[in-house]
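Residue-level listing of the chains:
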Amino acid sequence: EVQEEVLWLSEAAHVPVIAVAPPVDGGDPLQTTVVATDFSPASWEAAVAAVRAIPPNGQLYVVHVLREGATEPGVCEAARARVTAWSAPLAALLPSGTTLAMTVLSGDPYTALATYLPRVHATCIAVGGHRPRYNTVAVAGRTVPERLLTTWRGSIVFGPYRESAE
């Protein structure tokens, strides 16, 4: 299956991996792209690759998910400000006529994103890789990005995880 192949390639790749699904209803398979970010370098690489591949007049959604229980005053506002600042350089790279929307969701990251994708009629998801030991939401050895990619049936942009130089 293509999702498993993308995961396998992403482990060996030093650049983002893009897997384009067959178009649905004759549309562009990258027309409506959701970038799920945790603000990591891998998320950034996936986002830039997605922006470079999105067609003119496309739609780009940048989404961050706050963990369940993150209800302290100012947390949502701070997350929105961070998403906005993180997305600003992407806006400069967007093709003509492409719209950019940013949002912050809350809850279990996998469930929140899996619910959000059909709401915006997403055709592509862009995520960055993680090492399972750094991700507290690993199920059956799979991180949130890996779980999304193995259940998602649209196009995929996967930014490779990189070891820190520190």
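Calculation notes
Throughout, residues of each chain are indexed from 1 in the direction in which the sequence is written. Under the rules for a predicted model, residues below a pLDDT of 70 receive no local features and side-chain atom pairs below 80 are neither given nor counted, while totals for whole chains, interfaces and linings still include all residues. Excluding hydrogens and water, the side-chain figures rest on all heavy atoms present in the structure. Two strands qualify as a pair provided DSSP detects at least 2 bridges between them. By the criteria applied, helices consist of DSSP H or I runs no shorter than four residues and strands consist of E runs no shorter than two, each listed in order from the N terminus. Orientation is described by lines fitted to C-alpha atoms, with helices fitted over the stretch in contact, and by angles between N-to-C directions that extend from 0 to 180 degrees. We call two residues in contact when some of their heavy atoms are within 4.5 Å. For classification purposes, an angle smaller than 35 degrees is called roughly parallel, one larger than 145 roughly antiparallel, one from 65 to 115 roughly perpendicular, and anything else oblique. Note on convention: the crossing is left-handed when the near helix lies turned anticlockwise from the far helix by less than a right angle, right-handed when the turn is clockwise. We call two N or O atoms a polar contact when they sit within 3.5 Å, provided that within protein one can donate a hydrogen and the other can accept it, with sequence-adjacent residues counted only if both atoms are side-chain atoms. Take the residue count of a helix, subtract one, and multiply by 1.5 Å to get its expected span. The rule is simple: take the accessible area with a 1.4 Å probe, protein chains only, and divide by the maximum for that residue type; under 20% is buried, over 50% is exposed, in between is partly exposed.

Participant: Help me understand the sheet that holds strand E4 (residues 99-106), please; the structure alone is not making it clear to me.
Facilitator: In a beta sheet, neighbouring strands pair by backbone hydrogen bonds and run either parallel or antiparallel. Spatial ordering of the open sheet is given by E1-E6-E5-E2-E3-E4, a layout of six strands whose pairing is mixed. Strand pairing shows two members of the sheet lacking a second neighbour, strand E1 (17-19) and E4, which therefore form its edges. Ignoring strand direction, the axes of neighbouring strands in this sheet form an average angle of 15°. Of the pairings in the sheet, the one linking strand E2 (residues 32-36) to strand E5 (residues 124-128) comprises three bridges and is parallel in character. Its bridge partner being in E5, Val 34 is matched across the sheet by Ile 125. Packing of helix H4 (residues 109-119) onto the sheet brings it into contact with E2, strand E3 (59-66), E4 and E5, and relative to E3 it is tilted by some 155°.

Participant: Whenever I open this one, the packing of helix H2 (residues 41-53) against helix H3 (residues 75-93) confuses me. Can you help?
Facilitator: Packed helices, taken two at a time, are described by the angle between their axes plus the distance between the axes. Running from N to C, H2 and H3 cross one another at 20°; their axes reach a closest spacing of 10 Å. Relative to H3, H2 is oriented roughly parallel. Both H2 and H3 take part in a crossing whose hand is right-handed. On H3, the residues that touch Ser 43, Trp 44, Ala 47, Val 48 and Val 51 of H2 are Trp 86, Pro 89, Leu 90 and Leu 93.

Participant: Quick question: what am I supposed to make of the environment of Gln 59 here?
Facilitator: Note that Gln 59 resides in strand E3. Note: C-alpha distance between Gln 59 and Leu 100 (41 residues apart in sequence) is 6.2 Å. When neighbours within four sequence positions are excluded, Gln 59 is seen to be in contact with Gln 31, Thr 32, Thr 33, Ile 54, Thr 98 and Thr 99. At 3.0 Å, the side chain of Gln 59 forms a polar contact with the side chain of Thr 32.

Participant: Hey, could you run me through H2 in this one?
Facilitator: Since the α-helix turns once every 3.6 residues, residues separated by three or four places project in the same direction. Taking 1.5 Å of rise per residue, the 13 residues of H2 would be expected to cover 18 Å, and the 18 Å separating its terminal C-alpha atoms lies within 8% of that figure. Listed as buried for H2 are Ala 42, Ser 43, Ala 46, Ala 47, Val 48, Ala 49, Ala 50 and Val 51. Looking at the buried side of H2, the elements it contacts are E1, E2, E3, H3, E5 and strand E6 (155-159).

Participant: I would appreciate a short explanation of the side chain of Ser 40 in the present structure.
Facilitator: Structurally, the position occupied by Ser 40 is in the loop between E2 and H2. For Ser 40, a relative accessible area of 16% translates into the label buried. For Ser 40, the side chain forms a polar contact with the side chain of Asp 38, separated by 2.7 Å.

Participant: I would appreciate a short explanation of the pairing of E2 in the present structure.
Facilitator: Residues in a regular strand point their side chains to alternate faces of the sheet. Among the five residues in E2, five count as buried, and that is most of the element. Here E2 shows a buried face lined by Thr 32, Val 34 and Ala 36 and a second buried face lined by Thr 33 and Val 35. By the bridge criterion, five bridges tie E2 to E3 in an arrangement that is parallel. Bridge pairing in E3 places Val 34 opposite Tyr 61.

Everything listed here is a matter of geometry and, on its own, says nothing about what the molecule does.
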